[in-house]
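Structure at a glance
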Amino acid sequence: MNYNDIVAFIKNTFTPYPKSYIPYPKSYIPNPISYIPYPKSYIPNPISYIPNPKSQLPNPTIPLHEPKFIGNEKEYLNECIDSTFVSSVGKFVDEFEKRIAEYTGSKYAVVTVNGTAALQVALRLAGVSENDEVITQPLTFVATCNAIKYLGANPVFVDVDKDTLGLSPESLERFLNENSVIENNKCVNKKTNNKIKACLPMHTFGHPCKIDKIVEICDKYNIPVVEDAAESLGSFYKNKHTGTFGLFGTLSFNGNKIITTGGGGMILTNNEQLARKAKHITTTAKVPHTYEYIHDELGYNYRMPNLNAALGCAQLEQLPKFIENKRELAEKYKRYFEKLDDITFISEPENSYSNYWLNAIILKDKNERDNFLKITNEQGVMTRPIWKLMYKLEMYKDCLRQDCSNAQWLEDRVVNIPSSVRV
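Our subject in this report is the structure included herewith. Since the structure is predicted, the reported quantities are computational estimates derived from the model, not experimental observations.

**Quick word on the sheet that holds strand 2 (residues 133-136)**
- Across the sheet, which stays open at both edges, the three strands sit in the order 3-2-6 with parallel pairing between neighbours. If you trace the sheet from one side to the other, it starts and ends with strand 3 (154-157) and strand 6 (196-200), each paired once. Averaged over all pairs of adjacent strands, the angle between strand axes in this sheet comes to 30 degrees, irrespective of strand direction.
- Across four bridges, strand 2 lies against strand 6 in parallel orientation. Counted as the bridge partner of Ile135 is Cys199 from strand 6.

Right, here's the structure in full:
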């Protein structure tokens, strides 16, 4: 297949392209050593301050996904600066939580410094602790598993569905039927004698998984569900927002997400007690007092600064427009790729309304995937493969897993293509 035609189509789709991604003239890029903030005498090993290798910092003509700031971002940031409340206290923090709760339909929303922190806290409040097990999917970003491991627990991998790219209810139920037993109202893995404390499915690339069936199965086994909805703000399953089906849901506002706070996350829950607990331990577990510093348990400094929340409030105002724009792009991609042999565009699953955060295609096989990645990136169109399966990473290679043939099939074939809002 002539992938050059696809490159031309994508470039035409994103033309004219924003100046923000035109490479800086060389005169603006001094020697990396000049970025060291202190005199050499204070830095025994200056090389450690050099930015990431160039191979990890591509500057493509067409990036995979860039943020858009076309609303009140500067106004709200200036207001925040003028108020002097630029850290973890300020009106925009409370306002951002309120607006996210209203948008998603969650009763409560608790902001955090990033999506991984949101996952870690949600899992902790769901009861996950050392040596417990959390059922999740191998086809995910590493943060999903890292949040489990931060608590001393271990991920257990079950397969995904090809149509959703998310955790498969059938694989989940098969694993539980074969490997678990209920003891003292707790689900226990018969083979390891460890408690299965949570199930952590992800809504991949913004496409909802079959979350209602997952929750139904987990309820039978007394397993709380924590939804990794980092990629699916604005996505709905059966007219209900992702992240609101389980005990907890979590969002991410990283720079590459559909809206961004620069870095940030959010915990969603309908349980008031758990929401208050989440707020408490993400703000260092400090007991309110006029002047004393009293902390009543182990907490985290996972607070989002008011500056970031101000950016989030402005971005959230643009979300409906962003989703409309991205769905138009997805439709354009769909019409184009349906004319081609051996390439399938991934569309929203049944009963779903997807934000199409990252558009993706399925190639014929791994060789074709690799050829496509090479040609597109060489010609200035940023594409990337789906993640390497988690149990192939060194730190998760010994984790329990079911047959994950669907995940393997997808790993060999799925590629993300440029998905920015076009404005």
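**Concerning the packing of helix 6 (residues 169-179) against helix 7 (residues 211-220)**
- Viewed as axis vectors pointing N to C, helix 6 and helix 7 meet at an angle of 10 degrees, and their least axial separation amounts to 9 Å. Regarding the angle of helix 6 to helix 7, the classification is roughly parallel. Contacts between helix 6 and helix 7 involve Pro169, Leu172, Glu173 and Leu176 on the former and, on the latter, Lys213, Ile214, Ile217, Cys218 and Lys220.
- Looking at the contact of helix 6 with helix 7, its residues break down into six nonpolar, no polar and three charged.

**Description of the side chain of Thr376**
- Relative to the helices and strands, Thr376 resides in helix 10 (residues 366-378).
- By relative accessible area, which is 0% here, Thr376 ends up buried.
- Among the polar contacts made by the side chain of Thr376, one reaches the main-chain carbonyl oxygen of Phe372 at a distance of 2.7 Å.
- A distance of 3.2 Å separates a polar atom in the side chain of Thr376 from the backbone oxygen of Leu373.
- What Thr376 contacts, discounting residues up to four positions off in sequence, is Val7, Val381 and Thr383.

**Observations concerning the nonpolar core**
- Core analysis: the biggest nonpolar cluster contains 52 residues, and Phe96, Ile100, Phe205, Phe253 and Met266 have the highest contact counts within it.
- For this core, the secondary-structure elements that each account for two or more residues are helix 2 (73-83), helix 3 (91-104), strand 1 (108-112), strand 11 (265-269), helix 9 (306-337), strand 14 (359-362) and helix 11 (405-411).
- Considering every element that reaches this core, the biggest residue donor is helix 9, with eight residues.
- By size, the runner-up hydrophobic cluster in this structure holds 26 residues, among which are Val110, Ala198, Leu274 and Ala278.

**Some points on the sheet that holds strand 1**
- Ordered by their spatial adjacency, four strands build an open sheet running 1-11-10-7, and the pairing between neighbours is mixed. With partners counted over all chains shown, the strands left at the sheet margins are strand 1 and strand 7 (226-228), one partner each. The mean angle between the axes of side-by-side strands here comes to 20 degrees, regardless of whether they run parallel or antiparallel.
- Pairing of strand 10 (residues 248-252) with strand 11, which is carried by four bridges, proceeds in the antiparallel orientation.

**A word on the pairing of strand 14**
- Here strand 14 shows two buried faces, one formed by Asn359 and Ile361 and the other by Ala360 and Ile362.
- Sheet topology note: the strand 12 (residues 344-345)/strand 14 ladder contains two bridges and is antiparallel. By the bridge assignment for strand 14, Phe345 is matched with Ile361.
- Bridging between strand 14 and strand 16 (residues 414-417) involves four bridges; their strand directions are antiparallel. Paired with Ile361 across the two strands is Val415, which belongs to strand 16.

Reading the values: rules and limits
- Residues numbered from 1 in each chain as written.
- Predicted model: local features only at pLDDT ≥ 70, side-chain atom pairs only at ≥ 80, totals over all residues.
- Heavy atoms only, no water.
- Pairing = 2+ DSSP bridges.
- Helix = DSSP H or I, 4+ residues; strand = E, 2+ residues; numbered from the N terminus.
- Axes fitted to C-alpha atoms, helices over the stretch in contact; angles between N-to-C directions.
- Parallel < 35°, antiparallel > 145°, perpendicular 65-115°, else oblique.
- Contact = heavy atoms within 4.5 Å.
- Nonpolar A, V, L, I, M, F, W, Y, C, P; charged D, E, K, R; others polar.
- Buried < 20%, exposed > 50% of the residue type's maximum accessible area, 1.4 Å probe, protein only.
- Polar contact = N/O pair within 3.5 Å; in protein donor to acceptor, adjacent residues only side chain to side chain.
- Core = buried A, V, L, I, M, F, W, Y, C linked by side-chain atoms within 4.5 Å.

Honestly, that's just the spatial picture; any functional story needs more than this.
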